[in-house]
Amino acid sequence: MTTTIKWLGHYSFEIKSQGQTILVDPFLNDNPVATVAAEDLEADYILVTHGHADHVADVASIANRTGATVVAPVEAAGWFQSQQGVENTLQLNLGGGVTLPFGHVRMTIAHHSSSMPDGSYGGNPAGYIISFPEGRVYFSGDTALFLEMELYGREAIDLAILCIGDHFTMGPKDSIEAIKLLQPAKVVPAHYNTWPPIEQDAEQWASQVESLTSATPVVLEVNGVIEL
Ligand code: NI
Ligand code: MN
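Treat the numbers as computed from the prediction; the structure is a model and nothing was measured.

About the cut-offs
Residues numbered from 1 in each chain as written. Chains lettered and ligands numbered in written order. Predicted model: local features only at pLDDT ≥ 70, side-chain atom pairs only at ≥ 80, totals over all residues. Heavy atoms only, no water. Core = buried A, V, L, I, M, F, W, Y, C linked by side-chain atoms within 4.5 Å. Buried < 20%, exposed > 50% of the residue type's maximum accessible area, 1.4 Å probe, protein only. Pairing = 2+ DSSP bridges. Helix = DSSP H or I, 4+ residues; strand = E, 2+ residues; numbered from the N terminus. Contact = heavy atoms within 4.5 Å. Axes fitted to C-alpha atoms, helices over the stretch in contact; angles between N-to-C directions.

Asks: Tell me about the nonpolar core, and please be specific about residues and values.
Replies: Formed by 51 residues in total, the largest nonpolar core has its most connected members in Tyr138, Phe139 and Ile161. Counting residues in each nonpolar core, the second largest holds 24 residues, with Leu41, Val59, Ala68 and Trp79 among its members.

Okay, here's the thing in structure tokens:
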């Protein structure tokens with residue numbers, strides 16, 4: 001078996017693992033860089049890091065069409081259920097985990113904010129560590145740099161998917177510090193080049209990663225795939 005992770009643009013990903021399709025933060029139809037429409041995606045699970053529209057815009061439509069289970073911070077999951085008609089939700093909170101058919105999913109801390117598109121309270125923002133049979137992946141979600149990343153790094157992370165856009169999240173410079181703490185084998189940048197405020201030079205970032213950390217940077221094109 002393999003686990004493949006496709007970057008759909010911004011912080012949206014499509015994961016195929018153990019016969020399951022997992023989406024992370026699907027934001028497609030209003031995403032200026034995405035080329036895949038929400039209507040064209042299938043899903044068994046949808047993982048949500050927080051309530052901002054650039055992470056949840058297409059969650060409900062995909063979940064309601066496919067029957068996918070929405071995994072999200074408690075308050076965000078409750079909002080999808082009560083306000084968006086999503087039938088299957090799995091509510092996690094920070095530090096908590098659950099074993100799903102493709103592996104173990106744990107909700108990690110993130111220093112950010114979280115409100116739902118209608119202004120409802122979204123609970124705490126989060127990230128995820130997913131332990132697939134083929135390797136462990138850390139999705140930072142939207143976050144600032146934080147020192148507890150060092151603790152996550154003790155778990156042998158094969159791949160870290162980090163925001164590098166700056167402005168709303170940590171930028172390239174802090175992402176280098178994050179990589180030093182996390183010590184992943186590989187690192188993929190995300191949450192950049194969607195709009196002008198978060199434009200970044202990914203190749204320049206990659207050369208910094210190579211010279212300053214022990215991780216291998218993997219810069220994906222939109223719809224590019226990395227395999228565990
Ligand atoms: Ni956000
Ligand atoms: Mn965001």
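Asks: Explain the sheet that holds strand E13 (residues 216-217) residue by residue, including any values.
Replies: Within a sheet, each strand pairs with its neighbour through backbone hydrogen bonds, oriented either parallel or antiparallel. Pairing within the open sheet is mixed, and its seven strands lie in the order E7-E8-E9-E10-E11-E12-E13. Two strands lie at the open edges of the sheet, namely strand E7 (97-100) and E13, each paired on one side alone. The pairing of strand E9 (residues 126-132) with strand E10 (residues 135-139) spans five bridges and is antiparallel. In the sheet register, Ile130 faces E10, and the bridge partner there is Val137. Where helix H5 (residues 172-182) meets the sheet, its contacts fall on E10, strand E11 (159-163) and strand E12 (186-190), and the angle it forms with E11 comes to roughly 155 degrees.

Asks: Which residues make up the pairing of strand E3 (residues 20-24), and what values do they have?
Replies: Here E3 lies mainly inside the structure; five of its five residues are buried. Side-chain alternation along E3 places Gln20, Ile22 and Val24 on one buried face and Thr21 and Leu23 on a second face that is also buried. Where strand E2 (residues 12-17) and E3 come together, five bridges link them in antiparallel fashion. Paired with Ser17 across the two strands is Gln20, which belongs to E3. In textbook terms, the turn of a hairpin is the stretch between consecutive antiparallel strands, and for E2 and E3 this stretch comprises two residues, one of which, Gln18, has a positive phi near 55 degrees. One ladder, built from three bridges, connects E3 with strand E4 (residues 45-47); its direction is parallel. Counted as the bridge partner of Leu23 is Ile46 from E4.

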